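Listed here are the chains, written in short residue letters.
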Amino acid sequence: MMLDIRDHGGTFGGLSGSNIKSIQRGTTILPDGGSASSKSMSVALNNVDISKSFVIFNLYNGETGTYALDGRVLGAKCVSVTLDSENSLLIKRSYGYGPVTVDWWVVELKELKSKQSGSFGIATKTTTQTISSVDLAKSFLFYSYESSDIATTMNADNYSILLQLSSSSQLYFKQKDNVQKTVYWHLIELK
């Protein structure tokens with residue numbers, strides 16, 4: 001589905017509609033269970049220029065039963081959403097406990113100064129990554145992550161992370177414990 005920004009007041013998340021080429025959106029449900037389809041799903045898109053596009057998403061895990069606060073269900077909320085190609089969005093998680101509903105938007109800009117993307121595995125409380133220098137006043141960061149370290153004794157704090165621009169040339173990552181995660185990030189710098 002394509003969304004014309006002009007139909008919605010000309011802005012999206014503070015970005016002027018004049019710089020937005022397209023917005024595609026949808027809802028994808030990863031079902032409950034241990035099957036491959038409960039862990040990963042590819043979603044077809046209209047073609048976008050990956051170098052000028054990014055993904056925004058929200059998710060909801062509908063588990064309300066006995067295991068709603070079980071570490072395995074909490075870990076199943078660790079969902080990564082990435083542009084897999086110019087016409088495909090990849091939504092995945094490490095475990096398939098509980099259904100997860102993902103609302104997503106793919107925003108394609110007409111122009112930008114730079115886009116940096118990457119991923120890294122982490123199993124420590126803090127780390128940094130060097131990036132190419134950006135103007136902090138014109139940059140924003142998106143990230144998603146998944147965790148392969150699922151245990152029934154973990155709680156929501158074990159799956160919370162912080163990833164931020166600590167300077168114009170460095171990303172800073174922090175988590176409460178040494179839980180193994182894979183983090184996917186995208187840094188957009190506007191002109």
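Just above sits the structure.
K.L.:
Mind showing me how you'd approach the sheet that holds strand S8 (residues 88-93) here?
P.N.:
Strand pairs in the sheet, formed through backbone hydrogen bonds, run parallel or antiparallel to each other. Judged by pairing direction, the sheet is antiparallel, and its three strands sit side by side in the order S5-S8-S7 without closing on themselves. Of all strands in the sheet, those with a lone pairing partner are strand S5 (40-44) and strand S7 (79-85), marking the two edges. Averaged over neighbouring strand pairs, the angle between their axes works out to 20° when direction is ignored.

K.L.:
I would appreciate a short explanation of the environment of Ser53 in the present structure.
P.N.:
One can find Ser53 in strand S6 (residues 53-61). Taking relative accessible area as the criterion, Ser53 reaches 0% and is therefore assigned buried. Separated by 135 residues in sequence, Ser53 and Ile188 place their C-alpha atoms 8.9 Å apart. Setting aside chain neighbours within four positions, we find Ser53 in contact with Val48, Leu83, Val107, Glu108 and Lys115.

K.L.:
Sorry, what's going on with the packing of aromatic side chains here?
P.N.:
Inspection of every chain in the model, using the stated rule, returns four aromatic pairs. With centroids separated by 4.9 Å and ring planes inclined at 15°, the aromatic side chains of Phe54 and Phe142 adopt a geometry described as stacked. You can see Phe54 sitting in strand S6 and its partner Phe142 sitting in strand S12 (residues 139-147), a full 88 residues away along the chain. By relative accessible area, which is 2% here, Phe54 ends up buried. Three or more aromatic residues link up through ring pairs in this structure, and these residues are Phe54, Phe140 and Phe142.

K.L.:
Before we go on, may I ask you to explain the pattern of salt bridges in this structure?
P.N.:
Pairing between side chains becomes possible if they bear opposite charge and their charged atoms approach one another. Under the counting rule described, the total for this entry stands at two salt bridges. With a closest N to O distance of 3.9 Å, Glu189 and Lys113 form a salt bridge. Taken together, the residues Glu189 in strand S15 (residues 181-189) and Lys113 in the loop between strand S9 (100-109) and strand S10 (114-122) connect sequence positions 76 residues apart. Classification of Glu189 as buried rests on a relative accessible area of 4%. Overall, the relative accessible area of 56% leaves Lys113 in the exposed class.

K.L.:
I keep staring at the nonpolar core and nothing clicks. Help me out?
P.N.:
A general feature of soluble globular proteins is that nonpolar side chains tend to end up buried together. Ranked by internal contacts, the top residues of the largest apolar core, which has 15 residues, are Val81, Leu83, Leu89, Ile91, Val102, Trp104 and Val106. At the level of secondary structure, the elements contributing two or more residues to this core comprise S6, S7, S8 and S9. In terms of residues, this core owes the most to one element, S9, which gives four residues. Not counting residues up to four positions away in its chain, the partners in contact with Val102 are Gly26, Thr27, Thr28, Phe57, Asn58, Leu59, Val79, Val81 and Ile91. By size, the runner-up hydrophobic cluster in this structure holds 14 residues, among which are Phe120, Val134, Leu163 and Leu187.

K.L.:
Just to check I follow, could you spell out the side chain of Thr82 for this structure?
P.N.:
Turning to its location among the elements, Thr82 is positioned in strand S7. Using a relative accessible area of 14% as the deciding quantity, one classes Thr82 as buried. Residues contacting Thr82, with those up to four places away along its chain left out, are Ser88, Leu89, Leu90, Tyr184 and His186.

K.L.:
Please explain the sheet that holds S12 as it appears in this structure.
P.N.:
If you trace the three strands from one edge of the open sheet to the other, you get S10-S15-S12, paired in antiparallel fashion. In the strand order of this sheet, the two ends are held by S10 and S12, each with one partner. Neighbour to neighbour, the strand axes of the sheet diverge by 15° on average, direction disregarded. Judged from the nine bridges that link them, S12 and S15 form a sheet pairing that is antiparallel.

K.L.:
Is there a simple way to explain the pairing of S9 in this structure?
P.N.:
In summary, the side chains of a regular strand alternate between the two faces of the sheet. For S9, the tally of buried residues reaches seven of 10 residues, placing the bulk of the element in the interior. As defined by bridge partners, strand S4 (residues 20-30) adjoins S9 across 10 bridges and the pair is classed as antiparallel. The residue bridging Gln24 from the neighbouring strand is Val106, located in S9.

Reading the values: the criteria
- One numbering rule holds for all chains: residues counted from 1, following each sequence as written.
- Per-residue local features are limited, in this predicted model, to residues with pLDDT of at least 70; the limit for side-chain atom pairs, both in listing and counting, is 80 or more; totals at the level of whole chains, interfaces and linings are taken over all residues.
- No hydrogens and no water enter the side-chain calculation; it runs on all heavy atoms of the structure.
- Pairing between strands is defined by DSSP: at least two bridges between them are needed.
- Each helix is a run of H or I in the DSSP string that is no shorter than four residues. Each strand is a run of E no shorter than two, and both are numbered from the N terminus.
- With axes taken as lines fitted to C-alpha atoms, and helix axes fitted only over the stretch in contact, angles between N-to-C directions fall between 0 and 180 degrees.
- Summary of the burial criterion: residues with accessible area below 20% of their type's maximum are buried, those above 50% are exposed, and those between are partly exposed, where the area comes from a 1.4 Å probe applied to protein chains only.
- In this description, contact between two residues means that some pair of their heavy atoms is separated by no more than 4.5 Å.
- The rule is short: rings of Phe, Tyr and Trp, with Trp giving its six-membered ring, pair when the centres are within 6.5 Å, and they are stacked under 30 degrees, edge-to-face over 60, tilted in between.
- Only one rule defines a salt bridge in this text: a Lys or Arg side-chain nitrogen within 4 Å of an Asp or Glu carboxyl oxygen.
- We define a nonpolar core as any set of buried Ala, Val, Leu, Ile, Met, Phe, Trp, Tyr and Cys residues linked to one another through side-chain atoms lying within 4.5 Å.

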